[in-house]
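Here is what each chain is made of, one letter per residue.
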Amino acid sequence: MSAMSTDEPSQTGEAHGHEHHEVEGPGYPTPGAMRTESEREKTAFVIALRVGMDVDGSDFIGVVDLDPESDTYSELIDTVEMPNKGDELHHFGWNSCSSSCHTEGLMRDHLIVPGQRSSRIHILDAADPRNMDIEKVIEPEEIFEHDLSAPHTVHCVPGGKVVISMLGNADGELPGGFLQLDQSDFSIDGHWEADLGDMEMNYDYWYQPRHNVMISTEWAAPNTYYPGFDLEDVEAGKYGDSIHIWDWEEKTHQQTLNFGEEGLIPLEVRMPHNPMETQGFVGAALSSNILHFWEGDDGEWEWQKVIDIEDREHEDWDMPVPGLVTDIVVSLDDQYLFFSNWLHGDVRMYDVSDWGNPRLVDQVWAGGNFADRQEIQGTEIRGAPQMLQLSRDGKRLYWTTSLFSSWDNQFYPEIGEQGSLMMKADVYPDEGRMELDEDFLVDFGDAPGGPARAHEIRWPGGDCTSDVWQ
């Protein structure tokens, strides 16, 4: 099998067939194929927003050169500006991926880019990664007709569909739900779920179609987190503390795992890339824990805390500072877990060969409230490691330093004034270690049109957080 170039226009029938199926579609037949047969990432798509900043400009998708042989390596080489202001671009995803690699005729060639605050959804033609265009815009009013708002996680799913987690109703209150789009023309099908069951709050989700299961997490109602973080809202029960188990085929709610104090604000969820597995991790931001969940022998799901980040005292805080675990990523071989402590200022690497017993192997400090390193290349590290993306071969970990506009302005106001950064660590999986790359820095404070907050990162050709396998 030949490797797919990750920066050329996407083609139908990438060169990865299945022994058990004649049809070829987008993506890779296995996680191992993506890890070993894809080329090094040469381009990154990076969400960049200007909400809550002095800059009177639109949010954009930044195109970053990651080719070390290029004269513009580690530079922002292009931007795709959104047509409106105030969207708060946050997370984004593909129209199709490895979950549809059996489907002839599909291509991974469009990005779905929602506005978290505006509830506007942008469809970008990304067949040529360095020459993207906005093809379609779904206006908020079309979303509100389905009594949904605040789009977050975008996953391509089998059957020619895209499913987006929605965090609120049309008024920005609870409950949220899931919006389904048709891949052929990006029209709205309606709600994905047949019923919500006990779910009210929503955030991220992951699914394992082979085991007919989906897991969703919780943040809060948009009207709660939009203004910023208020501890009184936590005490009033306005933030999440549970995850939800769904029947994937029937689209029905099956079980709620309530974590209580051990799992306050459970945000990002990851299951193994191996489609045979029925377990996963969720990062509880405020409790600063990693929780391991799995399906028991009786079909009921169980959980336990496997990593606990201790709060730390800080002279400028009138309370202990939580780590605030805001993003997690798992390597394509399911061997390593990485996560960020946004308030402390470090990113950690754990060996999870045994998912029930993670072992800390390394960490990198950069910015935040406790890192000794507060500069890189003479530039102040504004914020701390937050959104993560790992190279497909597991040898480079990239991150940005902005969380959410109003939360940035509370905890790291310098981001709102000067923009955030994109940084990188070199990872050595065989040795179980990583090292900050001091030669790599993308300063979104220098973005065309003024500073911006860099957030989620994606690779053309798919990545560790975009693709699911059947």
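It should be emphasised that the depicted structure is a prediction, and the values quoted were computed from it without experimental measurement. (Residues numbered from 1 in each chain as written. Predicted model: local features only at pLDDT ≥ 70, side-chain atom pairs only at ≥ 80, totals over all residues. Heavy atoms only, no water.)

### Quick look at the sheet that holds strand 22 (residues 346-351)
No. 1: Spatially, the 4 strands line up as an open sheet ordered 20-21-22-23, and their pairing is antiparallel. The two strands at the open ends of the sheet, each matched to only one other strand, are strand 20 (325-330) and strand 23 (359-365). For this sheet, the mean angle separating the axes of adjacent strands, direction not counted, is 20 degrees.
No. 2: Across 5 bridges, the pairing between strand 20 and strand 21 (residues 336-341) is antiparallel. The residue of strand 21 that forms the bridge with aspartate 327 is serine 340. (Pairing = 2+ DSSP bridges. Helix = DSSP H or I, 4+ residues; strand = E, 2+ residues; numbered from the N terminus. Axes fitted to C-alpha atoms, helices over the stretch in contact; angles between N-to-C directions.)

### Topic: the pattern of salt bridges
No. 1: With the rule as written, the count across this model stands at 29 salt bridges.
No. 2: A salt bridge links lysine 161 to aspartate 189; its shortest N-O distance comes to 2.9 Å. Taken as a pair, lysine 161 in strand 9 (residues 161-168) and aspartate 189 in strand 11 (residues 188-191) lie far apart in primary sequence, 28 residues in all.
No. 3: Its relative accessible area of 37% is what places aspartate 189 among the partly exposed residues.
No. 4: Salt bridges sharing partners connect three or more residues here, namely Asp204, Glu268, Arg270 and Asp327. (Salt bridge = Lys/Arg side-chain N within 4 Å of Asp/Glu carboxyl O. Buried < 20%, exposed > 50% of the residue type's maximum accessible area, 1.4 Å probe, protein only.)

### Brief notes about the confidence of the model for the protein
No. 1: In this model, the protein carries a mean pLDDT of 93, and residues with pLDDT of at least 70 account for 93%.
No. 2: Note on residues 1-6: pLDDT under 50 across the span, and 26 contacts to partners over four residues away in sequence or across chains.
No. 3: Ignoring residues within four places in sequence, the model shows residues 8-23, a span with pLDDT below 50, making 43 contacts including any to other chains. (pLDDT = per-residue confidence, 0-100. Contact = heavy atoms within 4.5 Å.)

### So, the state of the cysteines
No. 1: Going through the model one piece at a time under the given rule, you end up with 0 disulfides.
No. 2: Just so you know, cysteine 464 is unpaired, no disulfide at all, and the nearest cysteine sulfur is the one on cysteine 97, 13 Å from it. (Disulfide = S-S within 2.5 Å.)

### So, the packing of aromatic side chains
Geometry of an aromatic ring pair is reported as the spacing of the ring centres plus the angle between the planes.
No. 1: One pass over the structure, following the stated rule, counts 28 aromatic pairs.
No. 2: With a centroid separation of 5.9 Å and an interplanar angle of 10 degrees, the aromatic rings of tryptophan 317 and phenylalanine 411 are classed as stacked. Here phenylalanine 411 lies in helix 5 (residues 405-411) and tryptophan 317 lies in the loop between strand 19 (301-308) and strand 20, a separation of 94 residues in the sequence.
No. 3: For phenylalanine 411, a relative accessible area of 21% translates into the label partly exposed.
No. 4: One aromatic cluster is present, formed by Tyr203, Trp219, Tyr225, Tyr226, Phe229, Tyr239, Phe404 and Trp407 through successive ring pairs.
No. 5: Its guanidinium or amino end placed over the ring of tryptophan 94, arginine 108 lies 5.9 Å from that ring's centre, counting from NZ or CZ.
No. 6: For the cation-ring pair, arginine 458 lies above phenylalanine 92, with the distance from its terminal atom to the ring centre recorded as 5.9 Å. (Phe/Tyr/Trp six-rings, centres within 6.5 Å; stacked < 30°, edge-to-face > 60°. Lys NZ or Arg CZ within 6 Å of the ring centre and 35° of its normal.)

### Observations concerning unusual backbone geometry
No. 1: A cis amide bond links leucine 174 to the next residue, proline 175, at an omega of 5 degrees.
No. 2: Mapped onto the fold, proline 175 is located in the loop between strand 9 and strand 10 (177-182).
No. 3: Even without a glycine there, the phi angle at serine 74 is positive, about 65 degrees.
No. 4: Here serine 74 lies in the loop between strand 2 (60-65) and strand 3 (76-81).
No. 5: Its identity is not glycine, yet lysine 251 carries a phi of approximately 60 degrees, on the positive side.
No. 6: Mapped onto the fold, lysine 251 is located in the loop between strand 14 (242-247) and strand 15 (252-258).

### A few points about the side chain of histidine 91
No. 1: Looking at the secondary structure, you find histidine 91 in the loop between strand 3 and strand 4 (93-94).
No. 2: When its relative accessible area of 5% is taken as the criterion, histidine 91 is described as buried.
No. 3: Excluding anything up to four places from it in sequence, histidine 91 contacts Pro114, His152, Thr153, Tyr203, Glu268, Met387, His455 and Glu456.

### What about the pairing of strand 19?
No. 1: As judged from the 7 bridges shared by strand 18 (residues 289-295) and strand 19, these two strands associate in the antiparallel manner. Directly across from histidine 292, in strand 19, lies its bridge partner glutamine 304.

### Examining the sheet that holds strand 4
No. 1: Pairing within the open sheet is antiparallel, and its 4 strands lie in the order 4-5-6-7. If you trace the sheet from one side to the other, it starts and ends with strand 4 and strand 7 (133-138), each paired once.
No. 2: Here 2 bridges tie strand 4 to strand 5 (residues 110-114), and the two strands are oriented antiparallel to one another. Along strand 5, the bridge assignment pairs glycine 93 with isoleucine 112.

### Focus: the environment of methionine 319
No. 1: Structurally, methionine 319 can be placed in the loop between strand 19 and strand 20.
No. 2: Spatially, the C-alpha atoms of methionine 319 and arginine 433 are 32 Å apart, while their sequence positions differ by 114 residues.

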